[in-house]
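Understanding the architecture of this molecule
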Amino acid sequence: MLEPELAAKYPNIRNFRGIGVDDPTASLRFDWTARGFRAVLRKDGQQIFVDPYTRGTQRYYMSYFKKDYPATRNFQY
């Protein structure tokens, strides 16, 4: 998804997007950087996130629905 100039400038950043094969209304965006893997899946009006469990780790990840994430928590990646 990065423009060619940005991709050349930041070769360690990879990002992608996709749509559902059986359900073209489902979408996915994900990236891989030095900070690890992150993703957002959208389907049926819901969003599901995949993030590193803690900052600075690439070993453990968590997934959660946006609706279940506390709005008062300030998550900084």
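The preceding data block contains the structure.
Here is a short report on the structure shown in this document. Computed from a predicted structure; not experimentally measured. What you see as residue numbers is a count from 1 along each chain, following the sequence as written. Totals for whole chains, interfaces and linings use all residues, but because this is a predicted model, local features are given only for residues with pLDDT of at least 70 and pairs of side-chain atoms are given and counted only at 80 or more. Side-chain measures here rest on the full set of heavy atoms in the structure, leaving out hydrogens and waters.

**Here we look at the overall build of the chain**
The helix and strand labels rest on DSSP assignments: H or I over at least four residues marks a helix, E over at least two residues marks a strand, and numbering proceeds from the N terminus. Secondary structure summary: the chain contains one helix and five strands in total. Helices and strands in the chain line up, N terminus first, as α-β-β-β-β-β. C-alpha extents for the chain along the principal axes are approximately 35 × 35 × 20 Å. Note on classification: 1.4 Å probe, protein chains only; a residue is buried when its accessible area is under 20% of the maximum for its type, exposed when over 50%, partly exposed between these limits. For the chain, the residues scored as buried account for 16% of the 77 residues in total. Contacts between residues were defined by any pair of non-hydrogen atoms, one from each residue, lying within 4.5 Å. Sequence-distant contacts in the chain: of pairs separated by 6 or more residues, those separated by 24 or more amount to 12%. Areas reported here follow the Shrake-Rupley algorithm with a probe of radius 1.4 Å; residue values treat only the protein chains shown as occluding. With an accessible surface of roughly 6,300 Å², the chain has 55% of that area assigned to carbon and sulfur atoms. With 13 positive and 8 negative side-chain charges, the chain shows a spacing of 8 Å between the two charge centroids. Here the positive residues are Lys and Arg and the negative ones are Asp and Glu; neither His nor the chain ends is included. For the purpose of locating charges, the reference atoms are NZ of Lys, CZ of Arg, CG of Asp and CD of Glu.

**Section: the pattern of salt bridges**
The working definition used for a salt bridge is a side-chain nitrogen of Lys or Arg within 4 Å of a carboxyl oxygen of Asp or Glu. This structure, assessed with the given rule, holds four salt bridges. A salt bridge links Arg38 to Asp51; the shortest N-O distance between them is 3.0 Å. Taken together, the positions of Arg38 in strand 3 (residues 36–43) and Asp51 in strand 4 (residues 46–52) put the pair 13 residues apart, joining distant regions of the chain. Assessed through its relative accessible area of 25%, Arg38 is described here as partly exposed. Across the pair Lys67 and Asp68 runs a salt bridge whose closest N-O atoms are separated by 3.4 Å. Each of the salt bridges in this network shares a partner with another, and the network as a whole consists of Asp23, Lys43 and Asp44.

**Regarding a positive patch on the surface**
A patch consists of residues whose relative accessible area exceeds 30% and which take part in no salt bridge; residues with like charges are grouped when within 9 Å of each other, and nonpolar side chains (Val, Leu, Ile, Met, Phe, Trp, Tyr) when within 5 Å. A surface patch of like charges, here positive, comprises Arg17, Arg29, Arg42 and Lys66. Examined against the element boundaries, Arg17 turns out to sit in strand 1 (residues 14–19).

**A few points about the packing of aromatic side chains**
Stacked, tilted and edge-to-face are the three classes assigned to paired rings of Phe, Tyr and Trp, where Trp is represented by its six-membered ring and a pair needs centres within 6.5 Å; plane angles under 30 degrees give stacked, over 60 edge-to-face, the rest tilted. Under the definition given, this model contains five aromatic pairs. Measuring from centroid to centroid gives 5.8 Å for Phe30 and Phe37, while their planes differ by 45°, and the two rings are tilted. With relative accessibility at 25%, the residue Phe30 sits in the partly exposed group. Considering the side-chain rings of Phe37 and Tyr61, the 6.3 Å spacing of their centres and the 75° angle between planes classify their relative orientation as edge-to-face.

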